[in-house]
Structure formats: structure tokens, C-alpha cells
Amino acid sequence: MMPPGHIRAPAYLRGKTGVVERRLGAFANPEKLAYGLQAEKRDLYRVRFSMAEIWGAEAEAPDDTLDAEIYAHWLEQVQD
Amino acid sequence: MPHDHHEHLSPSGHPYRKDDDVPLTYWQTMEIAMRELLIEKGETAAAEIARQIDAMDARSPANGAAVVARAWVDADFKARLLADAAEASRAMGFDIGPLHLIAVENTRDTHNVIVCTLCSCYPRNLLGLPPDWYKSRAYRSRVVKTPRAVLREFGLDLPADVTVRVHDSTADMRYIVLPARPPGTENLTEAELAALVTRDSMIGTGVPRAPDLRQPA
Amino acid sequence: MGGQDAGPIDRSQHDFALWEKRIDAMMVICQGRGHFTVDGLRRALEDMGEQAFETMTYYERWVAAVNQNLIEAGVYSLEDLGRRMQAVKARGATYGEASETGASDG
């Protein structure tokens, strides 16, 4: 179930595993800014996902990629 | 009569839609009311709104094309651009404002394409206003899943040995594609190179024009 | 929205109407004054729901989103807006007539 309100992890990427392409720095949390609230800084990363990871068998080319900027609080470290 | 100098032709040479003669809509009513309230409350002035419209009209993909052409001829600039595109663009004299800009490079085996699925974020200061299709639901929903099919609609058919990378500007970054320099352009000037760079090639739904094979006498 | 099915991409381009450029300008100016961020606009657009894509054009959705944010920021009240919209509508039946204020700022 998608949480209510303005959240910054796009629905199509939720639950998917990718690799950090680069760290972008710390930015004011948009989920607070969206409601005009005081926003603390949160770490932002570019994360790269393979199309196969996101779309499975429907991917046109499994090794094509999708990069998105995701805030740290939406990321979970995957155990190797 | 309103003395608004924007009434005549749009920068593309087409007449503005005949707003003045069409029936007033609810949302146009809101726009007029909003504008008047903002002016009355001292938030802005008619002159500032007009200046902002002029500034927007003055921005076109030519800015981005100039940055691309510079990167093609100057390896140091290209490195700077790929490391920090905002800083490099500013160094060329373009006002990026507070944007964080990332340039992604097309190579022989990588093709990049940009989208904003959450709204329609776009590097406006370098490319001007985004095209209608970039803002459309069809583009935004389909390009993250079937970029190759979308690119084929734009006339770009990529071979299987090229990797497609889609960039969704979900947060504070804006993106510009650094397209690959077309072959046969070794003798062109920077300005001639810039003329080959299309807006769509900087979004990723196209590639630069090929140089004119007929050389002027 | 990413990954949802959608039809072919319409590549036609309309020239922006003056009222649309004005909305864009007000959005940039008000953001610059710190009344809201792009996140607030995104959130207001999301809250309009999928329906809004069927019933409203791009700049109609944006004037609604900017307005929502301005009201929340307290720049003007909903009552102010309502009163002014009535007055605007009463000026005439076309955009040109309704923009006519007779004020010196043109």
C-alpha cells in the first residue's frame, strides 16, 4: 500500500534493488517542504536500477537502466 | 485597450492563441484574479511579470546547444561539464540559478534519455520551456518502462548493443544529455557544431543533425 | 505514474497563450519569494488525482496548484480570491475584457 500524502519514492521503484550511482549531498526533505513545514536535511542518492529488476519479463532490454534520485530514508541496505 | 506588447507574435512566429476573443474560462479567471491580488499585495508588479515572461522567451535550446558544442571541442570543458554541469554552464555565462544540473554523456554504447515522472522538471534555464510532449502523461509513464518503444516513436531505433539509460529527475537534480558528436564534423566551427544540436538530442529523444554534406563554395 | 499504460505520444506543440505564460511567470516569481517549493506544487498536483489529467490542461492544473500553495502560504485568502474572481468575471465575457482593469499598470 502506498503511504498517503506526498512521498518521494516513486511507486514504480518501491521494493526494488539498485546500486548507488553517486551521492548527491544533503537536501531539505521535500516531504516536509511540500506542506510548507520546516525541513531537515536528508542525504540524497542517485540509485541505478536495471530494467529487468523493475519490470521483470516485461523489460525491453534487461540491462537497460533507470536512474532516480532517492532520499536515504527510502533506502535500505541490502545484505550481500 | 491593454497595452501589452506580448500580444502580437510568439517567439516562434505564430500568433498567440486568440485569448482576447475567446470566452473567458474559470481557470483564466483565476489567473487574472491571482495576478491582480499578487500585485496589490506587493508580491510582484506587472513589469516584473512581463520581465519574467521576456526572460523565459529569451531562453531556448540554443543555450544548451552552445554548452554541448563547447564540450565537443574542448576536452577540459567536457570534463568539467560531466563533473558539475551547473558550474560549467555558469562558466560559459549562462544563468542556471539555483539548479543542480547533471550532464549525462551519450557514447557509442550508451544512450541517455530524461524524464520527470513526478511533474515535468526540466533544465529550463538552458533549454527554455519543455515541449508539450515532455509534460504529457503518455511520455512520463511510458519512457521509464519502454524507452526503446518511445524512442522509436521519435524516429530513433537503437540497436541491441547500445544500453539505454533513463534518468528520472525525482528530486533536486535536473539533467541534460550530452549527445555524441556526429561523425564528419571535424572541420566545423563551434558555432556550426552548435547548430547541429537539437533540443530533442539534449533530452534524449533524438540525436544531433548530421552535417550538411554539401560544402559551400 | 511511471510505468502506467498510456497511448501514443502526441508530439504536436501549441504556442503558449499569454495567460499560460503569466501563470508560469507567477510560479517562478512566487517560488523565488519563498512562498512554496516545487515539492509543494508536486504535492498539490498529486492531490488533484488522475482525474485532473482528463479534465484540465497543463496550465489549468498549474494555476490550481500555484493557487493552492499561495493560499496555504497565507499570501491571500480564499475569500479574497473568490471576491476577485467574481469581479473579474463581471468585467466581460472574453479574456481580453476580463483583464481590463483600467489601472495604470496596463
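A.B. asks: Please clarify how the overall build of chain B should be interpreted in this entry.
C.D. replies: Within chain B one finds eleven helices and four strands. For chain B, the proportion of its 217 residues judged to be buried stands at 42%. Long-range contacts, defined as pairs at least 24 residues apart, comprise 66% of the intrachain contacts of chain B with a sequence gap of at least 6.

A.B. asks: Would you explain helix α2 (residues 38-47) of chain C in this entry?
C.D. replies: Counting buried residues along α2(C), seven of its ten residues qualify, which places the element largely inside the surrounding structure. Every buried residue belonging to α2(C) is among C:D39, C:G40, C:L41, C:R42, C:R43, C:A44 and C:L45, and all of these are buried. The inward-facing, buried residues of α2(C) abut α1 (30-33) of chain A together with α4 (58-72) of chain C. Positive backbone phi, at 80 degrees, marks C:G49, one or two positions downstream of α2(C).

A.B. asks: Help me out: how do you make sense of the interface of chain A and chain B in this one?
C.D. replies: Buried accessible area, meaning the area lost when the parts come together, often serves as the stated size of an interface. In this complex, chain A contributes 17 residues to the contact, which on the side of chain B involves 19 residues. Where the side of chain A that touches chain B is concerned, the elements lending two or more residues are β1 (19-28) and β3 (65-71) of chain A. The element best represented in the side of chain A that touches chain B is β3(A), accounting for five residues. Tallied by class, the residues present in the side of chain A that touches chain B amount to ten nonpolar, one polar and six charged. One ladder, built from four bridges, connects β3(A) with strand β3 (residues 163-168) of chain B; its direction is parallel. Bridged to A:D67 within β3(B) is B:H167.

A.B. asks: It is not clear to me how the packing of helix α1 (residues 18-32) of chain C against α4(C) should be interpreted in this structure. Could you clarify?
C.D. replies: Two measures define how a pair of helices packs: the angle their axes make with one another and the distance between the axes. Residues and elements named next belong to chain C. For the pair α1 and α4, interaxial distance at closest approach is 10 Å and the crossing angle is 30 degrees. In terms of crossing hand, the pair formed by α1 and α4 is left-handed. Of the residues in α4, those in contact with E20, I23, M26, M27 and C30 of α1 are Y59, W62, V63, V66 and L70. Taken together, the residues of the contact of α1 with α4 break down into nine nonpolar, no polar and one charged.

A.B. asks: Explain the domain arrangement of chain B to me, please; I cannot follow it from the model alone.
C.D. replies: Segmenting chain B into domains produces domain 1 (18-58) and domain 2 (61-203). Distance between the C-alpha centres of domain 1 of chain B and domain 2 of chain B: 31 Å.

A.B. asks: Sorry if this is basic, but what is going on with the nonpolar core here?
C.D. replies: Most often, soluble globular proteins have nonpolar side chains that are buried together. Membership of the largest hydrophobic core comes to 89 residues, with the highest contact counts inside it found for B:V68, B:I176, C:M26, C:V63 and C:V66. Once residues lying within four places of it in the same chain are set aside, the contact partners of B:I176 are B:G64, B:A85, B:L101, B:A103, B:P123, B:L126 and B:M202.

A.B. asks: Explain the sheet that holds β3(B) here, please?
C.D. replies: The strands making up a sheet are joined through hydrogen bonds of the backbone, oriented either antiparallel or parallel. The strand order across the open sheet built from five strands is β1(A)-β2(A)-β3(A)-β3(B)-β2(B), with neighbouring strands paired in mixed fashion. In this open sheet, the two strands that pair with only one neighbour each are β1 of chain A together with β2 (110-115) of chain B. Neighbouring strand axes in the sheet, compared pairwise and without regard to direction, differ in orientation by 20 degrees on average. The pairing of strand β2 (residues 41-50) of chain A with β3(A) spans seven bridges and is antiparallel. If you follow A:V47 over to β3(A), its bridge partner there is A:A68.

A.B. asks: For this particular structure, what's the right way to read the interface of chain B and chain C?
C.D. replies: Listed by partner, the interface residues are 58 residues for chain B and 55 residues for chain C. Every element with two or more residues in the side of chain B that touches chain C is listed here: α1 (26-40), α2 (46-58), α7 (132-135), α8 (137-142) and α9 (147-153) of chain B. Ranked by the residues each element gives to the side of chain B that touches chain C, the list is headed by α1(B), at 13 residues. Residue composition of the side of chain B that touches chain C, grouped by class: 27 nonpolar, twelve polar and 19 charged.

A.B. asks: What exactly am I supposed to notice about the packing of α1(B) against α4(C) here?
C.D. replies: The interhelical angle for the contact between α1(B) and α4(C), taken along N-to-C directions, is 40 degrees, at an axis separation of 10 Å. Judged by the angle between their axes, α1(B) and α4(C) are oblique. Crossing geometry of α1(B) relative to α4(C) is assigned as left-handed. Contact residues: B:W27, B:M30, B:E31 and B:M34 in α1(B); C:E60, C:V63 and C:N67 in α4(C). By residue class, the composition of the contact of α1(B) with α4(C) is four nonpolar, one polar and two charged.

A.B. asks: How should I be thinking about the confidence of the model for chain A in this particular structure?
C.D. replies: Interpretation of the predicted coordinates at a detailed level should be avoided for regions scoring low in pLDDT. Mean pLDDT for chain A: 89, with 92% of residues reaching 70 or above. For chain A, the element scoring lowest by mean pLDDT is α1(A), at 87; helix α2 (residues 51-55) of chain A scores highest, at 96.

A.B. asks: Where do I start with the pairing of β3(A) in this structure?
C.D. replies: Sheet faces and side chains relate simply in a regular strand, where the side chains alternate between the two faces. Among the seven residues of β3(A), seven are classified as buried, and the element is accordingly described as predominantly covered. Side chains A:T65, A:D67, A:E69 and A:Y71 project from β3(A) onto one buried face, and the interleaved A:L66, A:A68 and A:I70 project onto a second face that is buried too.

A.B. asks: I'm lost on the environment of B:H111 in this one. Help?
C.D. replies: Residue and element names in this part refer to chain B. Within the fold, H111 resides in strand β2. Taking C-alpha positions, H111 is 10.0 Å from G206, a pair spaced 95 residues apart along the chain. Residues contacting H111, with those up to four places away along its chain left out, are N106, L158, V162, V164 and G204.

A.B. asks: How do you make sense of the environment of A:G56 when you look at a structure like this?
C.D. replies: Residue and element names in this part refer to chain A. The topology assignment puts G56 in the loop between α2 and β3. Judged by the 9 C-beta atoms lying within 10 Å of it, G56 is exposed. As a C-alpha pair, G56 and Q38 span 18 residues in sequence and 39 Å in three-dimensional space.

A.B. asks: Explain the confidence of the model for chain B to me, please; I cannot follow it from the model alone.
C.D. replies: All names here are of chain B. Chain-level pLDDT for chain B is 89 on average; 88% of the residues reach the 70-or-more range. When mean pLDDT is taken per element in chain B, β2 scores highest with 98 and helix α6 (residues 124-127) scores lowest with 90. Within the model, the stretch residues 1-5 combines pLDDT values under 50 with six contacts to residues more than four positions away or in other chains.

The rules behind these values
- Residues numbered from 1 in each chain as written.
- Chains lettered and ligands numbered in written order.
- Predicted model: local features only at pLDDT ≥ 70, side-chain atom pairs only at ≥ 80, totals over all residues.
- Helix = DSSP H or I, 4+ residues; strand = E, 2+ residues; numbered from the N terminus.
- Buried ≥ 20, exposed ≤ 12 C-beta atoms within 10 Å, placed from the backbone.
- Contact = placed C-beta atoms within 7 Å.
- Nonpolar A, V, L, I, M, F, W, Y, C, P; charged D, E, K, R; others polar.
- Pairing = 2+ DSSP bridges.
- Axes fitted to C-alpha atoms, helices over the stretch in contact; angles between N-to-C directions.
- Left-handed = near helix turned anticlockwise from the far one by under 90°.
- Domains from an automatic or database assignment.
- Core = buried A, V, L, I, M, F, W, Y, C linked by C-beta atoms within 7 Å.
- Parallel < 35°, antiparallel > 145°, perpendicular 65-115°, else oblique.
- pLDDT = per-residue confidence, 0-100.

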